[in-house]
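Listed below, chain by chain, are the residues.
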Amino acid sequence: MDLSTVGVVVDALVATYTAGLDYYTKWQQRKWRNNHYNTDSKESICGGNACALSTSLSFSSRKVREAFDSGVDILGDGFAIGDELCRDALQGELELLQVQIYSLYQTIRADDGPLELFEAIHVSESVRISCLAALAGQYKRVAVGRLVPQILPGSQQPSRLSATIEEETVKADDDDDSVYGDRTEYAQINDSRTNYSKSPCLQSEPPSPPPTPKQIPDDIQSTRTSTIPGHRPKNSVFSMFCPKALKYQVDLQKPMPKRRNCKCGYDWNGPHTEDKLALTVKEGFQITPRFLGKSHCDGGFGCVLCTSSGRTETYPNVEELKDHINASHTKWQLLHDRDMIGQ
């Protein structure tokens, strides 16, 4: 296969993840039939929850594809062609993943061979994190000097499974923020290729939140990224947000401004940010003033939880934004936004 562009390597990565998921699913079905030969029950093979390996393979394939597509949507065909640094990094991860999936294939073909689930999960998670880091690095290099978000959308969301692997293999501080700390250090920790002892908790707990339900984009209205000063790209979901709001989406540590109003007129600490009951959504999560601040746009609020899908609607007030979050987003998505306060 000619791996001369980043787009082709990403296609190969997605295909390898998909093949691994297919192999493992067939192995699960075979084991289930062997253990339930005398019943007609059609219950889920994993007891109602997605198994850790199948969830990791599916999630990783989807996240790598989404990150790549986001880069192409914002920066155009130049991002798909890519640079040598990103291409070499992705090719190395592809080789590592192919070796692991082939080993998985050989093991599954052997009726009595042991299946190294933990190692397969670790490689799946590690490859995804490294690929997202490589794509984010290329995006950052290409985006310099252009009026686009400076961080690749969807490239900074670790899965809960990766966090579990890190806890099992690295002695970290007890600080709750350690899982969401410096992303470079996080990637380096998980990129190590050391063999680890198995952990039974990884056999059932699913990683990462599911993605926002897909919406059909208006391709007719989409245009290529403009580099004209004073204009934001029309084809980017981020073009709807106030420029000041974008700064709080990009810099997760940036404190809220002390002044009362944004230049666009939005009141950072207005009455709409004070009613805690009105700001409470499903599972006891609470919308913070910072979440509203980074969501404000012309005409109300956009939903930052929807940006990974490539599109969000405008909600004229907090109540309608809250109704949307309750109807369209899951506990896992709320958990992965640092500006949502959990129970």
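This one's a predicted model, so the numbers in the text were calculated from it and none came from an experiment.

Engineer: Please explain the packing of helix H2 (residues 52–75) against helix H5 (residues 117–143) as it appears in this structure.
Structural biologist: The description of two packed helices rests on the angle between their axes and on the distance between the axes. Their axes nearest at 9 Å, the elements H2 and H5 cross at an angle of 10°. As judged from the angle between their axes, H2 and H5 are roughly parallel. The class makeup of the residues in the contact of H2 with H5 is 18 nonpolar, four polar and three charged.

Engineer: Can you walk me through helix H8 (residues 243–250) in this structure?
Structural biologist: For an α-helix, the turn length of 3.6 residues means that residues three or four places apart are oriented alike. Regarding H8, the residues found buried are Ala 245, Leu 246, Tyr 248 and Gln 249. Taken around the axis of H8, the buried residues stretch over an arc of 160°, which confines them to a single face. Buried residues belonging to H8 abut helix H9 (289–295) and strand E2 (296–297).

Engineer: Would you explain the nonpolar core in this entry?
Structural biologist: Nonpolar side chains tend to gather and get buried jointly when the protein is soluble and globular. If you look at the biggest cluster of nonpolar residues, it comprises 43 residues, and the most contacted ones within it are Val 10, Leu 13, Phe 68, Phe 79, Leu 90, Leu 135 and Tyr 139. Breaking this core down by element, the ones donating at least two residues are helix H1 (6–35), H2, helix H3 (77–81), helix H4 (84–109) and H5. Among the elements that make up this core, the one with the highest residue count is H5 (12 residues). With residues up to four places along the chain from it excluded, the contact list for Leu 13 reads Leu 90, Glu 93, Leu 94, Leu 97, Val 127 and Cys 131. By size, the runner-up hydrophobic cluster in this structure holds 27 residues, among which are Leu 246, Tyr 248, Cys 262 and Val 304.

Engineer: In this structure, what is going on with the environment of Tyr 17? I would like to understand it.
Structural biologist: Within the element layout of this structure, Tyr 17 appears in helix H1. Among the residues examined, Tyr 17 registers a relative accessible area of 1% and is labelled buried. Sequence spacing of Tyr 17 and Gln 98 is 81 residues, and the spatial spacing of their C-alpha atoms is 8.6 Å. Ignoring any residue separated from it by four or fewer positions in sequence, one finds Tyr 17 in contact with Leu 57, Ser 60, Ser 61, Leu 97, Ser 124, Val 127 and Arg 128.

Engineer: I tried to follow the pattern of salt bridges on my own but got confused; where do I start?
Structural biologist: Any two side chains of opposite charge can pair if their charged atoms end up close together. Taken as a whole and judged by the stated rule, the model has 10 salt bridges. In this structure, Lys 294 and Asp 337 form a salt bridge, with 3.1 Å as the shortest nitrogen-oxygen distance. Linking Lys 294 in helix H9 with Asp 337 in the loop between helix H11 (331–335) and strand E4 (340–341), this pair joins segments that are 43 residues apart in sequence. Overlapping salt bridges bring together Arg 290, Lys 294, Asp 337 and Asp 339 as one network.

Engineer: Would you mind going over the packing of aromatic side chains with me for this structure?
Structural biologist: Both the distance between ring centres and the angle between the ring planes are used here to describe each pair of aromatic rings. The full count for this structure, using the stated rule, is eight aromatic pairs. For the ring pair Phe 68 and Phe 79, a centre distance of 6.1 Å and an interplane angle of 40° mean the geometry is tilted. Pair noted here: Phe 68 is in helix H2 and Phe 79 is in helix H3, with a separation of 11 residues, a long-range link. Here the two residues Phe 68 and Phe 79 agree in accessibility, since each one is buried. With a centroid separation of 6.0 Å and an interplanar angle of 90°, the aromatic rings of Tyr 266 and Phe 301 are classed as edge-to-face. Here Phe 301 lies in strand E3 (residues 300–301) and Tyr 266 lies in the loop between H8 and strand E1 (286–287), a separation of 35 residues in the sequence. The pair Tyr 266 / Phe 301 is uniform in exposure class, with both members buried. One aromatic cluster in this structure is built from Tyr 248, Tyr 266, Trp 268 and Phe 301. The ring of Tyr 248 carries Lys 254 above its face, with NZ or CZ at 5.5 Å from the centroid.

Engineer: What exactly am I supposed to notice about the packing of H4 against H5 here?
Structural biologist: Taken N-terminus to C-terminus, the directions of H4 and H5 make an angle of 170°; their axes are 9 Å apart at the nearest point. On the basis of the axis angle, H4 is roughly antiparallel to H5. Contacts from Leu 85, Cys 86, Ala 89, Leu 90, Glu 93, Leu 96, Leu 97 and Gln 100 in H4 reach Glu 119, Ala 120, Val 123, Ser 126, Val 127, Ser 130, Cys 131, Ala 134, Leu 135, Gln 138 and Arg 141 in H5. Its residues assigned to classes, the contact of H4 with H5 shows 12 nonpolar, four polar and three charged.

Engineer: What am I meant to see in the environment of Leu 279 here?
Structural biologist: Secondary-structure assignment places Leu 279 in the loop between H8 and E1. Since its relative accessible area comes to 2%, Leu 279 is described here as buried. A sequence separation of 13 residues divides Leu 279 from Leu 292, and the C-alpha atoms of the two residues are 9.9 Å apart. When residues no more than four places from it in sequence are discounted, the contact partners of Leu 279 are His 272, Thr 273, Phe 285, Gln 286, Ile 287, Leu 292 and Val 318.

About the cut-offs
Residues numbered from 1 in each chain as written. Predicted model: local features only at pLDDT ≥ 70, side-chain atom pairs only at ≥ 80, totals over all residues. Heavy atoms only, no water. Axes fitted to C-alpha atoms, helices over the stretch in contact; angles between N-to-C directions. Helix = DSSP H or I, 4+ residues; strand = E, 2+ residues; numbered from the N terminus. Parallel < 35°, antiparallel > 145°, perpendicular 65-115°, else oblique. Nonpolar A, V, L, I, M, F, W, Y, C, P; charged D, E, K, R; others polar. Buried < 20%, exposed > 50% of the residue type's maximum accessible area, 1.4 Å probe, protein only. Arc of directions from axis to C-beta. Contact = heavy atoms within 4.5 Å. Core = buried A, V, L, I, M, F, W, Y, C linked by side-chain atoms within 4.5 Å. Salt bridge = Lys/Arg side-chain N within 4 Å of Asp/Glu carboxyl O. Phe/Tyr/Trp six-rings, centres within 6.5 Å; stacked < 30°, edge-to-face > 60°. Lys NZ or Arg CZ within 6 Å of the ring centre and 35° of its normal.

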